[in-house]
Every structure is written in C-alpha cells, then in structure tokens.
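Okay, here's what each chain looks like letter by letter:
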Amino acid sequence: MKLSIQLTQREKLPKTSLIVGIIEGGELTPTAKAIDQTSHGFLTKLIKQGAFEGKMGQILPLYHLEGTRYEHVLLVGCGKKGKLSPAGFRKLTVNAVKALSKVTHATTYLTEVEVMGEKSLAWKVKQIAEAVSDGLYRFDLFKSEKEPAPVLKELAIAISEAKQEKACVEALKQGQAVAAGMTLMKNLANTPSNICTPTFLAEQAIALAKDYAALSVEVLGEKEMKKLKMGALLGVSQGSAEEAKLICLEYKGTTKKQAPIALVGKGVTFDSGGNSLKPADAMVGMKYDMCGAASVLGTMKALAELKLPIHIVGIIPAVENMPGGTAYKPEDILTSMSGQTIEVISTDAEGRLILADALTYCERYQPEAVIDIATLTGAVVIALGFHATAILSNNAPLEKALLEAGEESNDRAWPMPLWEEYQEQIKSPFADMANIGGRPAGTITAACFLSRFAKKFHWAHLDVAGTAAMMSGTQERMATGRPVPMLMQYLINRTS
Ligand code: BES
Ligand code: MN
Ligand code: ZN
C-alpha cells in the first residue's frame, strides 16, 4: 500500500474516492463545502434532513454523487467543533480506512478537521499513516479461510498548505516507520506460544538484524547465562522444556561515539504462573506476556527503517514460565546476577526476576538511560485500565521526556510514585528481598523490586499490561503495537 502527501487545489479534486470529515452541527470543512457545491447542495440537504449528523463514529459512504466526478465519497462524523480528541481522531481514521473495503485509490481530507490541543498538520499526517496500517492489519496466518485482503493500493493524504509540505513528508516517513514497527510487534505478540518460544524470538531477532546493516544481534543460551550467574532468570526458566535466551540487539545509526540507550523487553513467551499456577481463565492472554520483547523488536525495526542517527541497545530476556517437578517453587531463594538474593513468594511474579538480571546485564553498556517495557502486573489494569501505560522512574527528566513523547505520539503514559516507603513491602525474613509485596500498590512494589537492579543508571519502567494487547474476552484479543509510538517519539525527540 502506497501513502503519499498530496498538495491539493480544491478546484481540482481528484477523481478517486474521497474521505471527508463532517463536523456535527457546524460549518462544512473546505473540501466538504466544495463537494456540496458541485453536487448542488447534496451534503447540506443530507445534514438538514438528519440523514447524517456528523456525530463522532458515524460513517456514510456515497456512491456516484450526482453532478460530481467522484465514484465514492466517504463521510466521516467528527463530532462537535473543537471537541475531537487526539484518541478520537485516531479512532475515526482507523474506522474510515476499514470502511474503504472495496476501494483501491483514495484521498483523505481528514487533515482538515481540527484536533484538540491545536495539533499540527504534520501531526495529523503521522497519525493517519499509523492509523491506516492499524485499520488494514490482519492476523489470519492460522485461518484456513483468509479474511479478504485489503484492496486499497494507494492513499493520498491531502494538505492545502505548501509551506507545510516538507514537514508533512517527514511526518509521513516517521509514521510509516512507526507503523512498520507496530506491525512487527503485533505479529510477534499474536503468534501463539507453541510457535513463539524463546528460540523463535531469537530467530526473529537474527532475521531482523539480517535485514538492516545498522542492526546486529547476539544471542546467549542457558550455558552462557549460567556463566554470568543469572540465577533469577534461570530460576524462572528451569521448569520449561524450552531453552531460555538472552537476545542482545544493537542499532548503530551513527558513527559518533555515543553511550547507548538500552531498551529491555520482558519476553515471557507464556506465563502459566508456574507452580503458583494461574486459574485457567487468567491464563488466556498469557501468550501476550512477551509484548515488551515484541515492542523492543518493533522499535528496533522502526529505528532501522527511519535510519535515526542514534545508538540503541535492545535486551530481551526470553523464557517460558511453567509449573512442574523441575520448576522453581515458592520460598526458593535465587541469587541474581547482581549478587542480591531473592526469596520467591510467588512463581507468578516472574517478570521482575528475569528483568532483574537483564537490567544488571545492561551495566556493561554504560548506558545513558535504560527503559524497560513489561506486561508486569495485573494491578496496572486496575489502576489505569486500558488507556495509559504506567511509568515509574528513578530520574525525573527521563520520566518527563517519556510522558511528553507519549502525549505527542497519542500513546500515553501516566506516572506512579516510586517512594521509598513502598520498599518496605518487599522485605523477606530470609533473603535480601521477596519477589512480591502483597496486593496493595502491586504495580509500584513491582517497580520497587526492579529499582534495586537499576541503581547504576537512569532508568524508567513502563508497565504495559493494560495497553500492549487486549488480553481478555474470547473475540477481542489482539495486540495493539503499543508502546512503539511512544518509544519512537522519545528517540526521535532526542535526535532533533
Ligand atoms: N504477566 C503477569 C501480569 C499480567 C496480568 C499481565 C494480567 C497482563 C494481564 C505477571 O507475570 C503476573 O502474573 N503478575 C502477578 C503478580 C503477583 C503475583 C504479585 C499479578 O499481576 O497477578
Ligand atoms: Mn506471572
Ligand atoms: Zn508474567
């Protein structure tokens, strides 16, 4: 599918399918007005008769509009003037693309609608690029009858200001790179754990590094990890028939010597809970417990696509968390790579254990900052639901930059406190710490645990259990591609 920026003159609207926003109870956008005029007031009539009100979420396709050359005009309701949120804009753009089922060439004029926060034209272009990819996304690899492939071949994004063209072309490039990263994230995350094993993830990383000269990869197996004394990670993995892997990617987009930023992604390819077994219902969705890993791979791909001049390391601890006679057990004491000992209270709090060793491993890169991404706690879904990623950090400027990147990229995060008082909850009578802190503030105590392995660098933790995938319900389960947009925005902002 081809995307392009089209500087348009309204007198010469193209003879393709047009996507036009309609404001509820308000003035017509310039292009809607132009269509209205050539169709002898057809749109005005529709609106007057109440056939289309422009309510948010409303969509109406019109074919062979009388008096015009257009084969197809798709009206998209945008709600009341000045009330369209960034998330709303994203959603209606996705829905508009989905409604183009039979169209091969289209031009979107959704760039004309106003988005709250005075969003720029370039911002809308980038959002459209990502939303189009979202709207056309399918995961039917395992279906005998494939869903009909999208027929859309070309979408032009109309802009009317020549002065903005350069910024819009750049925004389109960024949006397409982010979209490519999100698609990779979704494909990996949606792949079931009987196929997507730690070894599979390592193979995917190797394949990715082959595609781009700036990317390289090294994979450590259990033997190497034993040498490094990664007792926490290996403890989690010991009940699984699948070998654990530590996947280390490096993206060198610049020849300048630069301390890297490390992205660390939780890669639990299936989380049964281990011997602290999850109830059957809660296990559905746990193939998504490697979304952090998938988002690191997705971000690496987006970086390489965009050729961003920056130095990034991607570290993925990949394991499967299984119960059984060889598996680790409650009250086992593990010695982490850092030397700190951990009493396992729940084998279902495995993510923080593998991340602990991965964080310690990061020290060797002397990173400028470390960001971990993990589907770490069910508690974050209780606190923030499905819209915000939780962010906890030991460095205020890093936290602020990530929050801003989330705001800017329409992939938002919200801060939670990492106060010392919470550290009390993970005390153990037998080891340096326990791996859980009880039910209160579960997301915070998980981050407190991680903070003990992140003392040597600036660090931020993203708990994406509510945002990286829809995990429950039998029909709606699907990965989202988040937080690739936020991470990419943060990295883009650092280079400009
Ligand atoms: N992978 C889960 C967290 C999770 C739960 C992600 C639901 C997405 C949806 C994590 O490993 C886990 O099991 N966490 C426990 C921690 C508890 C034992 C302290 C949880 O959240 O219940
Ligand atoms: Mn778990
Ligand atoms: Zn888990």
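Reading guide: rules and limits
- Numbers given to residues run from 1 along each chain, matching the order in which its sequence is written.
- To label them, take the chains in the order written and letter them from A, then take the ligands in the order written and number them from 1.
- Residue-level local features of this predicted model are given only where pLDDT is at least 70; pairs of side-chain atoms are given and counted only at 80 or more, and the full residue set underlies all totals for whole chains, interfaces and linings.
- Hydrogens and waters are ignored; side-chain quantities use all the structure's heavy atoms.
- Think of it this way: any DSSP run of H or I at least four residues long counts as a helix, any run of E at least two long counts as a strand, and we number them from the N terminus.
- What a helix is expected to span follows from its residue count: subtract one and scale by 1.5 Å.
- Each residue is assigned to one of three classes by its accessible area relative to the maximum for its type, calculated with a 1.4 Å probe on protein chains only: buried under 20%, partly exposed between the two thresholds, exposed over 50%.
- Contacts are assigned to residue pairs with any non-hydrogen atoms lying within 4.5 Å of each other.
- Only nitrogen, oxygen and sulfur atoms within 2.8 Å of the metal, or 3.2 Å for Na, K and Ca, are treated as donors, and water is left out, so sites may look incomplete.
- Angular criteria define each label, namely tetrahedral for four donors with all angles between 85 and 135 degrees, square planar for four and octahedral for six donors with opposite donors over 155 degrees apart and remaining angles between 65 and 115, and irregular for whatever fails these tests.
- Whether a residue is near a molecule or strand is decided by its heavy atoms; if any one of them lies within 4 Å of it, the residue is near.
- Pairs of N or O atoms within 3.5 Å make up the polar contacts considered here, provided that, within protein, one atom can donate a hydrogen while the other can accept it, and that residues adjacent in sequence are counted only when both atoms are side-chain atoms.
- Throughout, the Shrake-Rupley method with a 1.4 Å probe supplies accessible areas, and for residues the shown protein chains are the sole cover considered.
- In this analysis, the protein atoms alone were mapped onto a 1 Å grid. Cavities are point sets where a 1.4 Å probe fits without being able to get out; pockets are open sets with protein on both sides within 12 Å along at least five of seven lines; lining residues have an atom within 4 Å of a point.
- Just a note on the criterion: a molecule sits in a pocket or cavity if more than half of its atoms are within 2 Å of the grid points.
- Polar here means any residue other than Ala, Val, Leu, Ile, Met, Phe, Trp, Tyr, Cys and Pro, which are nonpolar, and Asp, Glu, Lys and Arg, which are charged; Gly is therefore polar.
- Grid points are joined across faces, edges and corners, and a volume is the space filled by probe spheres set on the points.
- Residues form patches when they are more than 30% accessible in relative terms and have no salt bridge. Like charges link within 9 Å. Nonpolar side chains (Val, Leu, Ile, Met, Phe, Trp, Tyr) link within 5 Å.
- Throughout this description, the term salt bridge denotes a Lys or Arg side-chain nitrogen within 4 Å of a carboxyl oxygen of Asp or Glu.
- Per the annotation, domain bounds derive from an automatic or database assignment of domains.
- Accessible area that two parts lose when put together, with a 1.4 Å probe and added across both, is what the buried area reports.
- The charge count includes Lys and Arg as positive and Asp and Glu as negative, but it does not include His or the ends of the chains.

Caption draft 1: Structural context of helix H3 (residues 86–98). Taking 1.5 Å per residue, 13 residues should reach 18 Å; H3 reaches 19 Å between its end C-alpha atoms and fits that length. Restricting attention to buried positions, one finds in H3 the residues Pro86, Gly88, Phe89, Arg90, Leu92, Thr93, Val94, Ala96 and Val97. As for H3, its buried residues are in contact with strand E2 (17–24), strand E3 (59–63), strand E4 (72–80), helix H4 (121–136), helix H5 (165–190) and helix H13 (396–409).

Caption draft 2: Region of the structure containing the coordination of the manganese ion (ligand 2). The protein atoms donating to the manganese ion (ligand 2) are Asp271 (OD), Asp348 (O), Asp348 (OD) and Glu350 (OE), with metal-donor distances spanning 2.1 to 2.2 Å. For the manganese ion (ligand 2), the six donor atoms are set out with angles of 73 to 171 degrees between them, so the coordination reads as irregular. In primary-sequence terms, the residues that donate to the manganese ion (ligand 2) follow D-x76-D-x1-E. Separating the manganese ion (ligand 2) from the zinc ion (ligand 3) is a distance of 3.1 Å, and Asp271 supplies a donor atom to each of them. Placement of Asp271 in strand E10 (residues 267–271) and of Asp348 in the loop between strand E13 (341–343) and helix H11 (351–362) is noted, with a sequence separation of 77 residues between them.

Caption draft 3: Up close: the site of ligand 1. The environment of ligand 1 is formed by 16 residues, the closest being Lys278, Asp289, Asp348, Glu350 and Gly378. Taking Asp348, its side chain carries an N or O atom lying 2.8 Å from an oxygen atom of ligand 1. Residue Glu350 places a side-chain N or O atom 2.9 Å away from an oxygen atom belonging to ligand 1. Relative to its unbound accessible area of 510 Å², ligand 1 is 76% covered by the protein chains. Of all the cavities here, the one that holds ligand 1 is the second largest pocket. Class assignment of the residues belonging to the shell around ligand 1 gives a composition of five nonpolar, four polar and seven charged.

Caption draft 4: How the structure looks around the layout of surface pockets. Of the voids in this model, the largest pocket is the one considered here, and its volume is about 1,400 Å³. Lining the largest pocket are 39 residues, with Asp134, Met470, Met478, Ala479 and Thr480 positioned closest to its centre. Looking at the lining of the largest pocket, the element that brings in the most residues is H3, giving seven residues. When grouped by side-chain class, the residues that make up the lining of the largest pocket number 13 nonpolar, eleven polar and 15 charged. Considering only enclosed or pocket space, the second largest pocket measures out at about 1,000 Å³ in volume. Taken together, 35 residues form the lining of the second largest pocket, with Lys278, Leu376, Thr377, Gly378 and Ala379 sitting closest to its centre. At the level of elements, helix H9 (280–283), H11, helix H12 (379–384), helix H14 (442–451) and strand E19 (469–470) are the ones that each hand at least two residues to the lining of the second largest pocket. The leading source of residues in the lining of the second largest pocket is H12, at three residues. A breakdown of the residues in the lining of the second largest pocket according to their chemical character gives 14 nonpolar, twelve polar and nine charged.

Caption draft 5: How the structure looks around a nonpolar patch on the surface. A grouping of Leu141, Phe142 and Ile195 is seen on the molecular surface, where their side chains present a nonpolar patch of about 300 Å² in accessible area. Here Leu141 shows up in the loop between H4 and strand E6 (154–159).

Caption draft 6: Structural context of the coordination of the zinc ion (ligand 3). Ligation of the zinc ion (ligand 3) by protein atoms is provided by Lys266 (NZ), Asp271 (OD), Asp289 (OD) and Glu350 (OE), these donors lying 2.0 to 2.4 Å from the ion. If you look at the zinc ion (ligand 3), its six donor atoms make angles of 79 to 177 degrees with each other, and the shape they trace is octahedral. Read from N- to C-terminus, the donor residues coordinating the zinc ion (ligand 3) fall into the pattern K-x4-D-x17-D-x60-E.

Caption draft 7: Seen up close, the environment of Ile128. For Ile128, the location among the structural elements is in helix H4. Under the relative-accessibility criterion, Ile128 is labelled buried at 1%. It is 9.9 Å that separates the C-alpha atoms of Ile128 and Ala171, two residues lying 43 residues apart in sequence. Once residues within four sequence positions are removed from consideration, Ile128 is found in contact with Phe89, Thr93, Thr108, Thr111, Leu155 and Ile157.

Caption draft 8: Representation of the domain arrangement of the chain. Here the chain is described as being made up of domain 1 (2–160) and domain 2 (179–495). For domain 1 and domain 2, the distance between their C-alpha centroids amounts to 37 Å. At the interface, 14 residues of domain 1 touch 17 residues of domain 2. Roughly 1,200 Å² of surface becomes buried between domain 1 and domain 2 when both sides are summed, with 51% attributable to carbon and sulfur atoms. Across the pair Lys186 and Asp134 runs a salt bridge whose closest N-O atoms are separated by 2.4 Å. Between domain 1 and domain 2 we count nine residue pairs in polar contact (both at pLDDT 80 or more) in total. Every element with two or more residues in the side of domain 1 that touches domain 2 is listed here: H3 and H4. Here the side of domain 1 that touches domain 2 gets seven residues from one element, more than from any other, and that element is H4. Considered class by class, the residues forming the side of domain 1 that touches domain 2 number seven nonpolar, two polar and five charged.

Caption draft 9: Local environment of the side chain of Lys124. By the secondary structure assignment, Lys124 is in helix H4. No salt bridge is formed by the buried Lys124, whose closest oppositely charged neighbour, Glu161, lies at an N-O distance of 7.6 Å. A distance of 2.7 Å separates a polar side-chain atom of Lys124 from the backbone oxygen of Val113. In this view, Lys124 contacts Phe89, Leu110, Thr111, Glu112, Val113, Glu114, Val115 and Lys119; residues no more than four positions away in its chain are not counted.

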